[in-house]
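Structural characterization, general
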Protein chains: 2
Amino acid sequence: MTDNSLKPFFSPKGVVIIGASTEPAKLGYVMARNLLRSGYTGAMHYVNPKGGTLFNRPLHKTVKQVPNPVDLAVILVPAPVVPDTLKECAAHGIKAAIIATGGFREAGSEGAALEDECLKIAHKHGMRLIGPNCIGLLDTHLPVDTTFLPPPPPAPGEVAFLSHSGAICAALTDWMRGQGMGLSRLVSLGNQVDVTETDLLTLTAADPHTRAIILYIEAIRDGQRFMAEAQKASLEKPIVALKVGRSAAGRKAAASHTGALAGTESAYDAAFRKAGILRADNTEEAFHWARALAWCPLPKGRRVAILTNAGGPGVTAADALETNGLELAALSEATIEGMRAVLPPFASLLNPVDILASAPPDAYATCLRLLLDDSGVDSAMVIVPPPPAFSAGAVAKAIIPVIQASDKPVIVVPMGDRLVQESIEFLRANQIVDYRFAERAVSALGILARRAETLAVLKERPEKSPTIKITRAEKALSKCESGTFVDQDTASELMKAAGIHTAESLLAKNANQAVTIAEQLDYPVAMKIASMDISHKSDVGGVALNLDSSAAVQVAFQNMTARIKHARPDAKIDGVTLQHMLPPGQEVIVGVVRDPQFGPLVMFGSGGVEVEGLKDVAFALTPLSRREAEEMLDSTWAGKKLAGYRNIVAADREAVVDALLRLASLAEALPRISEIEINPLRALPPGKGAWAVDVRIKL
Amino acid sequence: MTDNSLKPFFSPKGVVIIGASTEPAKLGYVMARNLLRSGYTGAMHYVNPKGGTLFNRPLHKTVKQVPNPVDLAVILVPAPVVPDTLKECAAHGIKAAIIATGGFREAGSEGAALEDECLKIAHKHGMRLIGPNCIGLLDTHLPVDTTFLPPPPPAPGEVAFLSHSGAICAALTDWMRGQGMGLSRLVSLGNQVDVTETDLLTLTAADPHTRAIILYIEAIRDGQRFMAEAQKASLEKPIVALKVGRSAAGRKAAASHTGALAGTESAYDAAFRKAGILRADNTEEAFHWARALAWCPLPKGRRVAILTNAGGPGVTAADALETNGLELAALSEATIEGMRAVLPPFASLLNPVDILASAPPDAYATCLRLLLDDSGVDSAMVIVPPPPAFSAGAVAKAIIPVIQASDKPVIVVPMGDRLVQESIEFLRANQIVDYRFAERAVSALGILARRAETLAVLKERPEKSPTIKITRAEKALSKCESGTFVDQDTASELMKAAGIHTAESLLAKNANQAVTIAEQLDYPVAMKIASMDISHKSDVGGVALNLDSSAAVQVAFQNMTARIKHARPDAKIDGVTLQHMLPPGQEVIVGVVRDPQFGPLVMFGSGGVEVEGLKDVAFALTPLSRREAEEMLDSTWAGKKLAGYRNIVAADREAVVDALLRLASLAEALPRISEIEINPLRALPPGKGAWAVDVRIKL
């Protein structure tokens with residue numbers, strides 16, 4: 001959403017700092033100075049009720065006195081005064097404000113009430129708010145700086161940083177400077193009373209100076225809107241997310257395996273994947289990735305050439321390739337012969353190419369050019385431990401034009417500190433990515449490959465979901481109470497509406513009825529206890545299989561009901577359900593649980609009673625594409641073995657994919673459904689379909 | 001092995017550099033200068049056939065002219081001249097030499113021949129050699145420096161670095177300097193014609209200046225000796241290993257699941273674990289761990305207190321704790337009340353403790369003292385994003401005495417670069433570990449906890465292995481050919497000798513014999529094809545279960561033999577084996593494969609045909625302790641569910657542990673056995689034992 005109401009934040013005609021201070025120890029002084037020093041070319045105004053001057057400018061006593069133009073207010077007055085200040089701003093025609101002040105929602109209920117009041121005022125006057133309790137924002141290209149970050153300011157660069165945490169901004173901008181990383185834009189979002197990370201995504205993706213975006217996320221409030229905006233923004237610029245609060249997330253209380261296994265983090269993982277967002281494991285990784293994404297072209301594939309002057313680091317790099325899902329490129333004969341002509345006899349010409357410690361800068365350049373010209377190479381890394389006879393700086397100088405002339409990504413690893421300082425400076429001045437260790441370089445090449453693949457997927461046209469009979473499903477649900485499990489008949493009816501094969505399951509209230517039904521279904525049959533109160537039937541002896549005669553059915557009925565009355569005297573027993581036994585096949589679990597933020601989350605994996613122990617499961621959010629369903633299969637052992645393994649007969653993989661797609665559509669169409677679990681779904685041999693054997697649906 | 005022959009390397013009375021040069025561009029010049037500048041207090045001599053002087057010292061024309069004392073030669077003459085140079089050294093009474101020169105084994109067969117000649121000369125004269133093709137060694141405390149590393153030299157410190165790679169030494173010592181890390185000792189081992197990493201372990205562990213050792217390993221030549229030395233050295237000093245060449249290792253061609261799953265890396269993992277060596281995933285981690293191990297006391301447990309002035313990094317740290325197997329300490333009431341007294345009202349007193357951005361250095365110090373005094377806290381980390389109103393340096397100054405007064409490890413995380421530079425310098429000057437990011441600090445606290453646990457295990461007295469009947473086993477093996485699988489009878493006999501229950505398995509050559517045997521064993525029986533040529537019997541329909549009548553046995557015999565003659569016309573079929581069907585239980589796989597370096601490697605995990613797909617397996621080297629066997633169970637789902645899970649009945653876990661121990665003893669006692677695989681081992685309910693159902697043994 002390109003929202004004009006947010007425009008004053010990033011291209012203000014005039015900025016007023018309300019709470020500017022003449023005392024150097026105060027944040028209001030730092031903020032006033034930062035804005036002045038930022039080189040901001042619009043109108044700059046300061047307000048302080050005491051009046052006076054600051055940096056040779058007047059300190060206006062009230063907002064009213066501030067001359068036009070002014071369309072952005074930065075507020076740093078005590079929290080209780082903020083609502084009135086906002087009203088003054090509104091009266092003065094200011095439509096955008098950053099509330100830097102703390103002491104709102106984070107400080108308890110009084111603060112929360114103040115915050116609500118601010119929002120009401122903003123809504124009334126059509127005003128947008130960033131904060132409260134934030135550092136503010138800066139843009140190094142406009143330029144403008146409304147923060148109270150300690151000097152020096154961040155260097156201009158290509159990475160935008162949108163952060164839920166304000167406290168880390170000073171630390172991270174300081175650290176980035178030390179790493180030679182620049183920023184295009186920094187926004188500290190604070191309590192997000194109004195503007196959230198989602199509001200800023202499209203806007204930041206459209207910023208011509210920004211080439212990669214880092215999101216530091218504590219929690220997302222409106223998952224559906226976030227997904228919509230993030231998918232659009234990802235098409236424009238790569239987004240790296242750092243999501244904290246994993247451990248605190250915990251597991252939701254859940255009645256199904258799917259629910260127990262899903263948890264909040266699986267939903268975030270699935271959401272980021274679907275939106276094309278690259279999730280980093282830790283802070284350093286996020287920033288290192290972002291620089292590579294901002295500076296490097298994208299590779300066409302995962303085949304990497306490694307150029308080094310020493311064996312050890314080459315092997316380390318090759319090890320890391322495997323861990324990151326990249327491969328050593330197989331070099332062409334021409335490449336090898338070309339290198340042989342310039343290298344000493346003991347150089348290793350196979351990838352990793354080891355040109356030996358004696359190699360001059362020229363040899364690095366020639367070999368790198370040959371490697372990049374090889375059509376079997378998608379990306380390259382150059383490892384430069386300090387060469388004994390040359391300077392690392394000379395090597396950097398020699399390879400920079402080669403890297404700039406190529407449309408393939410190249411990452412350079414000058415290893416060391418002082419001995420490689422000059423080379424690092426040369427590289428950074430030319431926007432070429434450097435790391436101290438091969439492992440980081442490989443991780444960056446991996447993320448470039450992933451970004452290229454993600455972008456291709458994002459550009460695919462959405463496919464049509466399988467048709468399901470929504471009216472029929474809604475009708476079946478209409479008689480069910482919310483908060484409960486639906487009965488077996490309704491569950492079967494919902495499966496039919498979704499087009500998922502299900503063995504007909506009929507209820508018998510007594511032993512004789514069970515025999516009659518079994519004969520109608522045809523032997524052998526399976527018998528399951530019918531009780532809304534019993535979730536895991538096999539745990540209490542509530543399942544009997546392969547009953548092949550009327551006698552067997554009668555005995556099973558008596559034993560089962562007796563056993564369960566004993567084990568679960570509290571449970572209301574409706575009788576037993578009977579199903580014709582399906583032919584053998586591979587059994588998997590498929591399920592859906594509705595995530596409060598991101599909507600239906602589909603699960604696939606190894607089922608049975610061991611599902612929670614084995615954890616061989618994968619998740620994806622709806623709407624589910626065929627590709628996503630197939631990726632779920634590919635990432636689990638349960639899915640891989642559908643193709644057959646040893647004496648395990650292959651199963652109908654297509655039918656499993658279809659069932660996943662239909663399940664996803666059913667959950668999307670019927671928001672009343674909170675969880676569905678088919679455990680097992682039995683996949684018969686190829687072409688024979690997949691059958692839901694046991695279905696549980698919770699509203 | 002404290003070997004006096006290695007003494008001259010680390011406490012030489014006099015050093016001679018053979019190949020010292022007056023040309024500043026030559027390594028022989030750098031080496032001569034490094035030795036001079038190192039502050040070495042023994043006799044220093046230079047040799048160069050051209051004569052002259054260097055640094056105001058004579059350049060002797062031959063080794064013979066070098067005055068005594070001289071007991072260490074550093075050789076940097078061209079490779080072809082090295083053997084004669086060694087002879088001159090020997091003639092002059094020098095018993096230790098570092099051959100820095102390259103052009104030996106790494107350069108082809110001629111070089112290899114030269115290298116062999118050097119070793120012969122050394123053996124003949126009782127001389128020890130480091131190298132060839134190495135950087136040399138240095139000791140910052142002795143001090144001595146025989147390397148040609150570019151200046152400045154490493155700072156004195158507490159970490160020893162023993163490296164198979166010479167090329168990374170310049171890069172890493174330079175990098176360490178930038179990180180404020182010192183070295184006690186550096187040895188580049190080169191081609192290891194004589195002295196290996198194993199020779200130096202005990203010696204380095206005994207060095208009073210060394211508090212942690214880093215091993216950079218490409219491959220270990222004598223696994224058994226390495227294990228013996230490493231276990232001893234680990235008791236003295238923590239050892240961190242960086243093992244490269246993971247991807248190249250590949251999988252050995254193997255006839256069993258155990259062999260296919262084991263691979264070289266599992267053996268290295270198991271070897272490091274058994275020797276108490278801490279294996280790092282990457283170079284940075286290895287060095288960061290080593291500094292923490294060198295500078296911090298060890299914690300008593302895994303409960304961590306986090307002290308921060310900002311929420312975000314606290315949450316990041318808490319997330320990382322979970323990933324690293326650490327826990328947030330639960331703070332005592334007294335600790336919380338103590339902190340409440342000094343902190344503002346909105347501070348978060350629960351762990352992570354957030355003392356807010358306004359907190360003065362004193363508050364950091366007081367809270368840290370309270371946290372360290374809490375008996376529920378085993379270690380602590382202090383996160384210091386630049387405080388807005390104070391300097392990070394002032395915070396460091398305030399907490400340093402608190403950290404020094406405690407016997408619990410504390411790691412400090414000053415976040416940023418310039419803004420925290422002063423704090424970093426204070427901390428390092430006081431040997432307190434600092435990182436820029438919480439994630440690294442948690443990783444270091446994790447390794448400290450692991451070191452403490454490892455040390456406790458290393459100190460345990462070795463227990464008695466289960467008694468097995470070695471003579472009986474040897475007798476059974478005596479008639480078997482090497483390189484083949486033993487027949488079923490022998491396999492059963494070996495199981496009996498080891499004391500592992502095995503269902504008696506009898507061979508029937510025709511259908512009638514099968515019926516007779518089945519009646520003798522008692523129905524139901526299982527039938528398996530008997531053929532040395534068929535490894536995976538169930539893959540070809542060579543297994544029939546639950547045969548409960550003579551008719552069933554006859555039909556199964558006819559069908560099975562017909563099927564297999566068709567499927568595997570090349571296989572020689574001896575008949576079928578019959579076994580009484582055991583009662584149901586949990587089935588696991590246990591196996592042993594003999595690693596060429598480290599000896600018998602025991603495997604435990606989820607068995608069946610899916611074993612290679614699920615990869616739910618764990619490995620350990622023999623001799624296997626009960627604790628190690630139990631850890632294998634604890635680290636796999638197959639092992640965990642032996643305790644029972646849902647409607648899976650608990651099984652005889654003790655019997656599985658016992659079978660693992662017996663299997664390990666059998667493999668240790670009989671070196672002819674190359675692989676044993678019991679798949680499945682059926683564990684009956686507790687107290688009922690575990691039975692080997694299918695046993696395959698390869699010689």
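Residue numbers here run from 1 along each chain, matching the order of that chain's written sequence. Written order determines the labels here, with chains lettered from A and ligands numbered from 1. Given that this is a predicted model, residues contribute local features only at a pLDDT of at least 70 and side-chain atom pairs are listed and counted only at 80 or more, while totals for whole chains, interfaces and linings are drawn from all residues.

**With respect to the overall build of chain A**
On a plain count of helices and strands, chain A comes out with 24 helices and 29 strands. Dimensions of chain A along its principal axes, counting C-alpha atoms only, are 100 × 80 × 40 Å. Counting across all 699 residues of chain A, residues that qualify as buried make up 56%. Contact definition: two residues whose C-beta atoms, as placed from backbone geometry, lie within 7 Å. For chain A, long-range pairs separated by at least 24 residues make up 73% of all intrachain contacts whose partners lie at least 6 apart in sequence. Working definition: helices are DSSP H or I runs of at least four residues, strands are E runs of at least two. Numbering for both runs from the N terminus. Buried, partly exposed and exposed are defined by the number of other C-beta atoms within 10 Å of a residue's own C-beta, namely 20 or more, between the two limits, and 12 or fewer respectively, with C-beta atoms placed from the backbone.

**Digging into the pairing of strand β13 (residues 239-243) of chain A**
All names here are of chain A. Burial runs high along β13: five of the five residues are buried. The alternating pattern of β13 places I239, A241 and K243 on one face and V240 and L242 on the opposite face, and all of these are buried. Any two strands between which DSSP finds at least two bridges are classified as paired. Where strand β12 (residues 212-217) lies against β13, five bridges are found, and the strand directions are parallel. Within the sheet, the bridge partner assigned to I217 lies in β13 and is K243.

**What to know about the relation of the copies chain A and chain B**
All copies are superposed by least squares; the fitting set is the C-alpha atoms of residues with a pLDDT of at least 70 in both. Once chain A has been moved 0.0 Å along the axis and rotated by 180 degrees, it coincides with chain B to within an RMSD of 0.1 Å. Expressed as a symmetry operation, the mapping of one chain copy onto the other fits a two-fold axis. Closest approach to the rotation axis among the C-alpha atoms of chain A is made by L614 of chain A, whose C-alpha sits 4.4 Å away. The residues that chain A uses at the interface reappear at the interface of chain B in 100% of cases, marking a shared surface.

**Some details on the interface of chain A and chain B**
One frequent convention defines the size of an interface as the accessible area lost when the parts assemble. Taken together, the 56 residues of chain A in the interface contact 56 residues of chain B. Elements with a minimum of two residues in the side of chain A that touches chain B: α5 (167-178), α8 (246-249), α10 (283-295), α11 (311-323), α21 (611-614) and α23 (637-640) of chain A. By residue number, the principal contributor to the side of chain A that touches chain B is α11 of chain A, which donates nine residues. Residue polarity is assigned by list, with Asp, Glu, Lys and Arg as charged and Ala, Val, Leu, Ile, Met, Phe, Trp, Tyr, Cys and Pro as nonpolar; anything else, Gly included, falls into the polar class. Taken together, the residues of the side of chain A that touches chain B break down into 28 nonpolar, 14 polar and 14 charged.

**Observations regarding the sheet that holds strand β3 (residues 53-54) of chain A**
All names here are of chain A. Taken in spatial order, the seven strands make up an open sheet running β3-β4-β2-β1-β5-β6-β7, and their pairing is mixed. Whereas interior strands pair on both sides, the edge strands pair on one side only; in this sheet they are β3 and β7 (128-130). The pairing of strand β1 (residues 14-18) with strand β2 (residues 43-47) spans five bridges and is classified as parallel. Paired with I18 across the two strands is V47, which belongs to β2. For helices, the axis comes from a line fit to the C-alpha atoms of the stretch in contact; other axes are also lines fit to C-alpha atoms, and the angle between any two N-to-C directions lies between 0 and 180 degrees. Each of β1, β2, β3 and β5 (72-75) touches helix α2 (residues 27-37); the most contacted strand, β1, lies at about 165 degrees to it.

**Comments concerning the pairing of strand β18 (residues 379-384) of chain B**
Residues and elements named next belong to chain B. Counted residue by residue, β18 has six buried out of six residues, so it is predominantly covered. By the alternation rule, side chains of β18 split into S379, M381 and I383 and A380, V382 and V384, which are all buried. By the bridge criterion, five bridges tie strand β15 (residues 303-308) to β18 in an arrangement that is parallel. Residue T308 lies in a different strand from β18, and its bridge partner there is I383. The sheet contact formed by β18 and strand β19 (residues 410-414) spans five bridges and is parallel. Following the sheet pairing, V382 is matched in β19 by V412.

**Thoughts on the domain arrangement of chain A**
Segmentation into domains, and thus their bounds, comes from an automatic or database assignment. Each assigned domain of chain A is listed here: domain 1 (4-210), domain 2 (297-459), domain 3 (470-479 + 487-580) and domain 4 (586-698). Between the C-alpha centres of domain 1 of chain A and domain 3 of chain A the distance comes to 64 Å.

**Notes on α10 of chain A**
Residue and element names in this part refer to chain A. In this model, α10 (13 residues) spans 19 Å end to end at C-alpha, consistent with the 18 Å of a helix rising 1.5 Å per residue. Of all 13 residues that make up α10, twelve are buried, and the element is covered over most of its length. For α10, every residue scored as buried is listed here: T283, E285, A286, F287, H288, W289, A290, R291, A292, L293, A294 and W295. The span one expects for a helix is its residue count, reduced by one, times 1.5 Å.

**Examining unusual backbone geometry**
A cis amide bond links T622 of chain A to the next residue, P623 of chain A, at an omega of -5 degrees. Of note, the bond from P151 of chain B into P152 of chain B is cis; its omega dihedral lies within 30 degrees of zero at -10 degrees. Among the secondary structure elements, P152 of chain B is positioned in the loop between β9 (144-145) and β10 (156-163). Positive phi, normally seen in glycine, also occurs at N56 of chain A, with a value near 65 degrees. Positionally, N56 of chain A belongs in the loop between β3 and β4 (57-60). The exposed category is assigned to N56 of chain A, around which 6 C-beta atoms lie within 10 Å. Despite not being glycine, Q431 of chain B has its phi angle at roughly 55 degrees, a positive value. Considering the arrangement of structural elements, one finds Q431 of chain B in the loop between α15 (421-429) and α16 (438-459). On the neighbour-count criterion, Q431 of chain B (16 C-beta atoms within 10 Å) is partly exposed.

**So, the environment of L293 of chain A**
All names here are of chain A. Mapped onto the secondary structure, L293 falls in helix α10. Counting along the chain gives 55 residues from L293 to P238, while the straight-line C-alpha distance between them is 6.9 Å. Leave out the neighbours within four places in its chain, and L293 touches A212, P238, I447, L448 and R451.

**Some details on the sheet that holds strand β21 (residues 525-530) of chain B**
Residue and element names in this part refer to chain B. Pairing in this open sheet of four strands is antiparallel, and the strands run β20-β23-β21-β22 from one edge to the other. Two strands close off the open sheet at either side, each with one partner strand: β20 (505-508) and β22 (543-547). When the angles between neighbouring strand axes are averaged without regard to direction, this sheet yields 25 degrees. Where β21 lies against β22, three bridges are found, and the strand directions are antiparallel. Bridge assignment links V525 to a residue of β22, and that residue is L547. Contacts from helix α20 (residues 550-567) reach β21, β22 and β23 (575-580) within the one sheet, and its direction differs from that of β21 by about 25 degrees.

**Comments concerning the confidence of the model for chain A**
All names here are of chain A. Summary of the metric used: pLDDT quantifies the predictor's per-residue confidence within the range 0 to 100. Summarising the model, chain A shows a mean pLDDT of 91, and 97% of its residues fall at 70 or more. Contacts for the low-pLDDT stretch residues 249-255, under 50 throughout, to residues beyond four places or in other chains number twelve contacts. Across the whole predicted complex the pTM is 0.89, and at the interface the ipTM reaches 0.87.

**Some remarks on the nonpolar core**
Any set of buried Ala, Val, Leu, Ile, Met, Phe, Trp, Tyr and Cys residues joined through C-beta atoms within 7 Å is what this text calls a nonpolar core. Judged by nonpolar contacts, the single largest core of 450 residues is most densely connected at M381 and L660 of chain A together with M381 and L660 of chain B. When near neighbours in sequence (up to four residues on either side) are disregarded, L660 of chain B contacts V590, V602, F604, L624, A629 and M632 of chain B.

**Brief notes about the packing of helix α12 (residues 333-342) of chain B against helix α13 (residues 361-373) of chain B**
Residue and element names in this part refer to chain B. Direction vectors running N to C along α12 and α13 enclose 170 degrees, while the axes themselves pass 9 Å from each other. Compared by their axis directions, α12 and α13 come out roughly antiparallel. Counting all contacts with α12, which are made through T335, G338, M339 and V342, the residues of α13 involved are A363, T366, C367, L370 and L371. Residues belonging to the contact of α12 with α13 are distributed by class as follows: six nonpolar, three polar and no charged. Note on terminology: angles under 35 degrees are roughly parallel, angles over 145 are roughly antiparallel, angles of 65 to 115 are roughly perpendicular, and the others are oblique.

**A closer look at the environment of R450 of chain A**
All names here are of chain A. Counting through the fold element by element, R450 comes out in helix α16 (residues 438-459). According to the C-beta neighbour criterion, R450 is partly exposed, with 19 such atoms within 10 Å. Distance from R450 to S5, taken between C-alpha atoms, is 35 Å for residues 445 residues apart in sequence.

**A short note on the packing of helix α22 (residues 626-634) of chain A against helix α24 (residues 653-669) of chain A**
Residue and element names in this part refer to chain A. Running from N to C, α22 and α24 cross one another at 120 degrees; their axes reach a closest spacing of 10 Å. Taken together, α22 and α24 sit at an angle that is classed as oblique. Both α22 and α24 take part in a crossing whose hand is right-handed. Together, R626, A629, E630, M632 and L633 of α22 and R653, V656, V657, L660 and L661 of α24 make up the contact between the two elements. Take the far helix as your reference; a near helix turned counterclockwise from it by less than a right angle gives a left-handed crossing, and one turned clockwise gives a right-handed crossing.

**Things to note about the environment of V304 of chain B**
Residue and element names in this part refer to chain B. Take V304: it is sitting in strand β15. On a C-alpha basis, the gap between V304 and M381 in space is 7.5 Å, while along the polypeptide they are 77 residues apart. With residues near it in sequence (within four places) discarded, V304 still touches L321, L326, E327, L328, A329, D378, S379, A380, M381 and L445.

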